[in-house]
Amino acid sequence: MFSTPEQFSAATKSAFESQLTLMSSLSHKAFEAVEKLTALNMHTARTSMEESNAALKHMFSAKTPQEFFALGSAQSQPGTEKAAAYARNVASIASEIQAEFAKVTEAKISEINQKVVTLVEDVTKNAPAGSETVVAMFKTALGNANAGYEQLSRTTKQAVATIEGNVNNAVTQMAEVVEKSTPRAAAKK
């Protein structure tokens, strides 16, 4: 189907380079997400240790067992709020990396598809007489592959939107529980 070996070689090289660029971009984005999660976890761990030490010192300064347990109960409320904030931060990072992956992937897939279409057009111009049926089948296969990719892309976006919605609902519900329990904790003091 290729009129010259150079044409095939150039097409193969271009496809390989595009795939390599895509994998490099996705790896870079994944590394950025890992860096953000690591920074969040380090900050959360450091803050948690500092606050736990301060809370323990405060609890051990209690004069009576009732005061000790009241101080312990008061410490659980901010912990729940911080867990909800942490969940929101993780969900935000996950959402951000998903959006970046989608953007990079769509751009590269579009670029690759354009190169393939251009290549097919160039090859079909030079196709020998009598190969019209093969060329038509190839174009149909290419069209079907593109339609399949577009459907996969739409389905993936819907799935991601559903997951994001579920995570946001869970975080919202957790925040509501925290808000409802805050007056009770304050009333016990």
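Residues numbered from 1 in each chain as written. Predicted model: local features only at pLDDT ≥ 70, side-chain atom pairs only at ≥ 80, totals over all residues. Heavy atoms only, no water.

(A) Examining the overall build of the chain more closely. Of the regular secondary structure elements, the chain holds 3 helices and 0 strands. Listed by position from the N terminus, the elements making up the chain come as α-α-α. For the chain, buried positions account for 17% of its 189 residues. Residue pairs at least 24 apart in sequence account for 81% of intrachain contacts in the chain once pairs closer than 6 positions are excluded. Here the chain has roughly 13,200 Å² of accessible surface; of this, 63% comes from carbon and sulfur atoms. (Helix = DSSP H or I, 4+ residues; strand = E, 2+ residues; numbered from the N terminus. Buried < 20%, exposed > 50% of the residue type's maximum accessible area, 1.4 Å probe, protein only. Contact = heavy atoms within 4.5 Å. Areas by Shrake-Rupley, 256 points an atom, 1.4 Å probe, with all protein chains shown as cover.)

(B) A look at the pattern of salt bridges. Going through the model one piece at a time under the given rule, you end up with 4 salt bridges. The shortest N-O distance in the salt bridge between Lys 36 and Glu 96 comes to 2.0 Å. Placement of Lys 36 in helix α1 (residues 5-60) and of Glu 96 in helix α2 (residues 65-125) is noted, with a sequence separation of 60 residues between them. By relative accessible area, which is 35% here, Lys 36 ends up partly exposed. In this structure, Glu 100 and Lys 103 form a salt bridge, with 3.8 Å as the shortest nitrogen-oxygen distance. Separated by 3 residues within a single helix, Glu 100 and Lys 103 lie in helix α2, roughly one turn from each other. By relative accessible area, which is 23% here, Glu 100 ends up partly exposed. (Salt bridge = Lys/Arg side-chain N within 4 Å of Asp/Glu carboxyl O.)

(C) Structural detail: the packing of aromatic side chains. As enumerated under the stated definition, the model contains 2 aromatic pairs in all. Ring geometry for Phe 68 against Phe 69: centres 5.4 Å apart, planes inclined by 80 degrees, an arrangement best described as edge-to-face. Taken together, the ring pairs in this structure connect Phe 60, Phe 68 and Phe 69 into an aromatic cluster. (Phe/Tyr/Trp six-rings, centres within 6.5 Å; stacked < 30°, edge-to-face > 60°.)

(D) Focus on the confidence of the model for the chain. With 87% of its residues at a pLDDT of 70 or more, the chain shows a mean pLDDT of 77. Within the chain, the element-level pLDDT minimum falls on helix α3 (residues 132-188), averaging 71, and the maximum on α1, averaging 84. Confidence over residues 184-189 falls short of pLDDT 50; this stretch has 2 contacts with residues more than four positions distant or in other chains. (pLDDT = per-residue confidence, 0-100.)

(E) Up close: the environment of Tyr 149. Along the polypeptide, Tyr 149 turns up in helix α3. Judged by its relative accessible area of 24%, Tyr 149 is partly exposed. Separated by 43 residues in sequence, Tyr 149 and Glu 106 place their C-alpha atoms 10.0 Å apart. With residues up to four places along the chain from it excluded, the contact list for Tyr 149 reads Thr 105, Glu 106 and Ile 109.

(F) How the structure looks around the environment of Asn 89. Relative to the elements of secondary structure, Asn 89 occurs in helix α2. Along the chain, Asn 89 and Lys 36 lie 53 residues apart, while their C-alpha atoms are 9.8 Å from each other.

(G) Examining the side chain of Lys 29 more closely. Following the sequence through the fold, Lys 29 ends up in helix α1. Using a relative accessible area of 18% as the deciding quantity, one classes Lys 29 as buried. A polar contact of 3.2 Å, which involves the side chain of Lys 29, links it to the side chain of Glu 100. In contact with Lys 29, not counting residues within four places along its chain, are Ile 97, Glu 100, Phe 101 and Val 104. (Polar contact = N/O pair within 3.5 Å; in protein donor to acceptor, adjacent residues only side chain to side chain.)

(H) Expanded view of the environment of Ala 85. Take Ala 85: it is sitting in helix α2. Taking the C-alpha atoms as reference, Ala 85 lies 9.7 Å from Met 174; in sequence the two are 89 residues apart.

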